[in-house]
Structure formats: C-alpha cells, structure tokens
Amino acid sequence: MIEFRPVRLEDRPVIEQYTMPSGIRNCDLAFANMYCWQAVYRSAWAVVDGFLVIRFYIDGGTKIGYMQPVGEGDFAPIVPALRDDAHAHGQRLRIIGLTDEGREQIRRMHFGEFAFESDRALEDYIYRADDLRTLAGRRYQPKRNHINRFLAAYPDFRYEELTPERFAECMTLEREWRRTHEGHTSELCAEQRAMQLAFEHFGELGLRGGCIYVGDRLAAFTYGSAVNKHTFVIHVEKADTAFDGAFTVINKLFAQHLPEQFEFINREEDLGLEGLRHAKLSYHPTALQHKFAAIRLHPDEIACKELWQKVFGDSDEFVDSFLMRHYSRQRMLGVECDGRLVAMLHILPFESEAGRTSYIYGVATDPEYRGRGLASQLMREALRLCDERGDEAVFLIPTPGQAWLRDFYGRFGFSGSLPAAFRNAGDFDFGTGDPATDLAMIRLRDPAAPLPERLTCNYRK
C-alpha cells in the first residue's frame, strides 16, 4: 500500500518539482486547485519510483481516483502499484485525467486490461495567450466590439492588480453572483470555500489576479496560477452583470498583465453547461485538453468486450463507453463454454409509455457456437426475470438488414415496429446509430393491451 500524504501548503515545492517541468496542461494538476478544493476531493500525494501520484475522491464521493502520474519517461510500470493500493481500499483502479500520451502508455503495457473514456464536459479549454492578449483578427471582432461598448459606457474604469485589501470586495461580489444562480447552491458553496482558502494563502499558493473598477465599484475580478512553466490556469472569473462587457474586459486585460513566459492559458472545463460552453468556444481555443478516465476491467468485462467486438465489430471507444457507463454484471446473462463467454445479453432498466420497461440489448453469440440454442436459452431466462420483477414491457431493437431476427424474436412474443428514442443516457447511443432504423419490437406483460405508437425510453440509473 502506498503511503499518501494530504496536500499541505508546505508540499508545494515538492509537488511543483514534478508538475512545472511537465508538458501536462490539466488544470487539476495546478497546486492551488489541489489545495483549495481539499475539502471536496481530499487530495493526497506520494512519489512512486520517481513519479508524482495524486490520489483523490472522485466528485467528493467514495470512489478513489488517481491522477495521471507525473514524471520523466513512461509511468506504465507503476500502474500495478496503483492497482494494489486501490485494491487495499476495496476498489478497482481508476486513473483520471489521462492525456492522449498517457492513455497510449497504459494501452501499450497493459493491453486489454483497461477501458477508456473522455468526458467532453470535463475537457479543458486551452488558448494561445497572445490571442487573448490582442483579440486580433476577424474572428475576434465581436469581442472587440463588446469591449468598445464597455469603454464608451464606462470611460472612468480602471484595471488593478488583485491584492489582499481587495479580497473582501471580491467575496461580496461573489455572494451577489451566487444569489443569481440559485439551483446550484452546493457546488457554489464549495467554490466559495475554495475561494476563501485561496484568498487566505494567495501568495503562498503562487496565485495572481486582477480586477476592474468602475468608479469605486468593483465590476469584475479574476485569479489563477501556473500549472507548468508555459501554461497559466484561470481558476475564478466573476463579474457584476450590471456592467455589460465586464467579463470580456477582465479576460483581455488580465491576459495582458500575465508574464510573457506563459504561452498558453487554460480556462478550465465547461461542466456540460450550454451557456458556458458557448462562451468558452467564442474565444476560439487552440486545443481541448482531453482528460481520459481509465478503469481496470474485471475478467467478466474483458470477456464481454471480446465477445462484443467479435460479433458486432464495434470500436474500442464505443464498447468502453458502454462498460464504463452502463455495464453491470448483475444485468448480464451469459453462457460459458470451454472456459470462455460465448453468448450474452444485457437487461437494461428504462421507463416508457408502457411503464416500467426493460431493454434487451447486445444479444450476441460467438459464430463458432451458433445453432446450439444459446440465444434462445438466454432470451427465455431474461423474460422470466423481467416478469418476475414486474416489468410492464420488454423491448429490443433488431439489427437492421437481418430480417430473420424479427421471426426469431417473434417466437418470444415480441411484435411491432415502434420508433424508439432514448433519454437520460448521456451521449451514449443505445440505438443502431441511425434514428431512422431505431425501430423496436415490444412484448407487453398484458397481451391484450394495445401497442404504443412509439417508445420514449428514459434510462433508470
């Protein structure tokens, strides 16, 4: 078991000894972020064979995650040590925040052992610092227009460095901002606690910031810190929305006041919020920093993936996404022959117009074992379980272009050809890949009940 230590202020020189020379631009590796969000993520650190390893609690919950190890060379040889540490806590290994290169290092040395997925909502927006400093060119014309309107409306504005005597005003502005964003109270309170810690230890954390005033009134403020020698991360940016254009102005002026050593500015993720995504894209990022999550697969998951790809030919990305988001050993029925999985199906929980509904998904039989009645055996067991649980309906979507499947499923009481749409499943496509061919066959618990005209399927997690 690895001896991890909580992140403390005095640990900054040791941690930054690894992060500053690295090319990794992930905002989560900024020391100020690790320290200020300690109450949520309970981050801890260790050095393992020359690599810095950060362990934390994912989303502040009970699952442990490990950030991509930071150091020189290939970190894949220390993955077994991380696996053993996770197992000592009764958990599987989860590595979070992997770069493209980090993902490939694991794939090469631990081929087939992990599933990978990058969540678009958590990808960092990386900008060329000079682009934000100058806003030059036609694509930034709307930003320049916005700034010009602000300058015309508030000619007495001024930019100031963010210093300790201004912290109280910043917290007041933050509280006012928070009042206008009801519905996100818990997240924003966590952010407020992080801001308080940042202001209490501003210099010790290597933070720098700026603010703008209109007369004597604080209109906006921002601050951040370096994640490496060439990339600066914006941790917080707040503005009084009464001053139209204040966000655009503070963004540009703060970039101009950053040291020239910073070639890139990381403005962190958009959390899947549509308005925030639009705003970040409007500044034309030079890159989105992938932050892949990797989970070490259990033997049954590896077997499921191998059979899935053999039968359906789907990509690693698609099958990994299913395994990481929706797979459950309790919901998979399988048949093993000669020591391996040769047939399977998955029973997934939904609600639809028919009430409590199960979706029979991923019905697959190894071609070498077809003609033995294995799929029929699994279908009978699946329907027995669905009836036992009191499902009002069971549906499936036959593979397009294989008309014989309709006859096969018809023998189990399935009928109809209902347009099906899926909700509340993230961006995972439970259909065929083409909405026009997402035509479901359904089996109702009450055979006398009329078939619905369509199925709107809401995933039950």
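All values reported here derive from a predicted model rather than from experimental measurement. (Residues numbered from 1 in each chain as written. Predicted model: local features only at pLDDT ≥ 70, side-chain atom pairs only at ≥ 80, totals over all residues. Heavy atoms only, no water.)

Asks: Please set out the overall build of the chain residue by residue, giving values where relevant.
Replies: Along its length, the chain carries 15 helices and 21 strands. Counting only C-alpha atoms and orienting by the principal axes, one finds that the chain spans roughly 80 × 50 × 40 Å. Within the chain, the fraction of its 461 residues that count as buried is 51%. Long-range pairs, those at least 24 residues apart, make up 70% of the contacts in the chain with a sequence separation of at least 6. When the accessible surface of the chain is split by element, carbon and sulfur atoms take 50% of a total near 21800 Å². Of the charged side chains in the chain, 57 are positive and 68 negative, and the gap between their average positions amounts to 2 Å. (Helix = DSSP H or I, 4+ residues; strand = E, 2+ residues; numbered from the N terminus. Buried < 20%, exposed > 50% of the residue type's maximum accessible area, 1.4 Å probe, protein only. Contact = heavy atoms within 4.5 Å. Areas by Shrake-Rupley, 256 points an atom, 1.4 Å probe, with all protein chains shown as cover. Lys, Arg positive; Asp, Glu negative; His and termini not counted. Charge placed at Lys NZ, Arg CZ, Asp CG, Glu CD.)

Asks: Which residues make up the packing of aromatic side chains, and what values go with them?
Replies: Per the stated rule, a full pass over the model turns up 40 aromatic pairs. Relative to tyrosine 41, the ring of tryptophan 37 lies with its centre 6.3 Å away and its plane at 50°, an arrangement referred to as tilted. Residue tryptophan 37 is classed as partly exposed on the basis of its relative accessible area of 23%. Taken together, a centroid distance of 5.5 Å and an interplanar angle of 80° make the contact between phenylalanine 150 and phenylalanine 157 edge-to-face. Judged by relative accessible area, which is 1%, phenylalanine 150 ranks as buried. We note arginine 42 situated over the ring of tyrosine 57; from NZ or CZ to the ring centre the distance is 3.8 Å. The side chain of arginine 103 reaches across the aromatic face of phenylalanine 292, ending 4.0 Å from its centre. (Phe/Tyr/Trp six-rings, centres within 6.5 Å; stacked < 30°, edge-to-face > 60°. Lys NZ or Arg CZ within 6 Å of the ring centre and 35° of its normal.)

Asks: Account for the pairing of strand S17 (residues 355–365), naming residues and giving values.
Replies: The buried fraction of S17 amounts to eight of the eleven residues, a majority that puts the element mostly inside the structure. As paired strands, strand S16 (residues 340–352) and S17 are joined by nine bridges and run antiparallel to one another. Looking at S17, one finds that isoleucine 347 is bridged to isoleucine 360. Where S16 folds back onto S17 in an antiparallel hairpin, the turn is made up of two residues. For the handedness criterion, the β-α-β arrangement of S17, helix H14 (residues 374–389) and strand S18 (residues 393–396) is classed as right-handed. (Pairing = 2+ DSSP bridges. Right-handed = clockwise from strand over helix to strand, strands pointing away.)

Asks: Please set out the sheet that holds strand S9 (residues 208–214) residue by residue, giving values where relevant.
Replies: Strand pairing in a sheet takes place through backbone hydrogen bonds and is either antiparallel or parallel in direction. Strand order across the open sheet formed by seven strands is S8-S9-S10-S11-S12-S7-S13, with mixed pairing between neighbours. Of all strands in the sheet, those bounded by a partner on one side alone are strand S8 (157–161) and strand S13 (287–289). For this sheet, the mean inter-axis angle between neighbouring strands, taken without regard to orientation, is 30°. Pairing of S8 with S9 involves five bridges; the strand directions are antiparallel. The residue bridging tyrosine 159 from the neighbouring strand is isoleucine 212, located in S9. Along the sheet face, helix H8 (residues 167–179) touches S9, strand S10 (217–228) and strand S11 (231–239) and points at about 100° away from the line of S10. (Axes fitted to C-alpha atoms, helices over the stretch in contact; angles between N-to-C directions.)

Asks: Residues and numbers for helix H5 (residues 100–109), please.
Replies: Within H5 the residues assigned to the buried category are Gly102, Arg103, Gln105 and Ile106. Down the axis of H5, the sector holding all buried residues measures 160°, keeping them to one side. Relative to its buried face, H5 has exposed residues pointing more than 90 degrees away, namely Glu101 and Arg108. Packing partners of the buried residues in H5 comprise helix H4 (79–88), strand S5 (94–98), strand S6 (114–118), strand S14 (292–296) and helix H13 (316–325). (Arc of directions from axis to C-beta.)

Asks: Talk me through the state of the cysteines; I want residue IDs and the actual numbers.
Replies: One pass over the structure, following the stated rule, counts zero disulfides. The cysteine cysteine 170 is free of any disulfide, with cysteine 211 supplying the nearest cysteine sulfur at 5.8 Å. In this structure cysteine 170 comes out as buried when scored by relative accessible area, which is 0%. Cysteine 457 provides the cysteine sulfur closest to cysteine 386, a residue in no disulfide bond, and the two sulfurs are 14 Å apart. (Disulfide = S-S within 2.5 Å.)

Asks: For the pairing of S18, give the residues involved together with the corresponding values.
Replies: Going residue by residue along S18, you find Ala393 and Phe395 tucked away on one face and Val394 and Leu396 tucked away on the opposite face as well. In this sheet, S18 lies alongside S17 in parallel orientation, the contact comprising three bridges. What sits directly across from tyrosine 359, in S18, is phenylalanine 395. Bridging between S18 and strand S20 (residues 439–444) involves four bridges; their strand directions are antiparallel. Residue pairing for S20: alanine 393 is matched across the bridge by leucine 444.

Asks: Break down the pattern of salt bridges for me, with residues and values.
Replies: On inspection of all chains with the given rule, the structure shows 34 salt bridges. A salt bridge links aspartate 240 to arginine 217, with the shortest nitrogen-to-oxygen separation between them at 2.7 Å. Taken together, the residues aspartate 240 in the loop between S11 and helix H10 (246–257) and arginine 217 in strand S10 connect sequence positions 23 residues apart. (Salt bridge = Lys/Arg side-chain N within 4 Å of Asp/Glu carboxyl O.)

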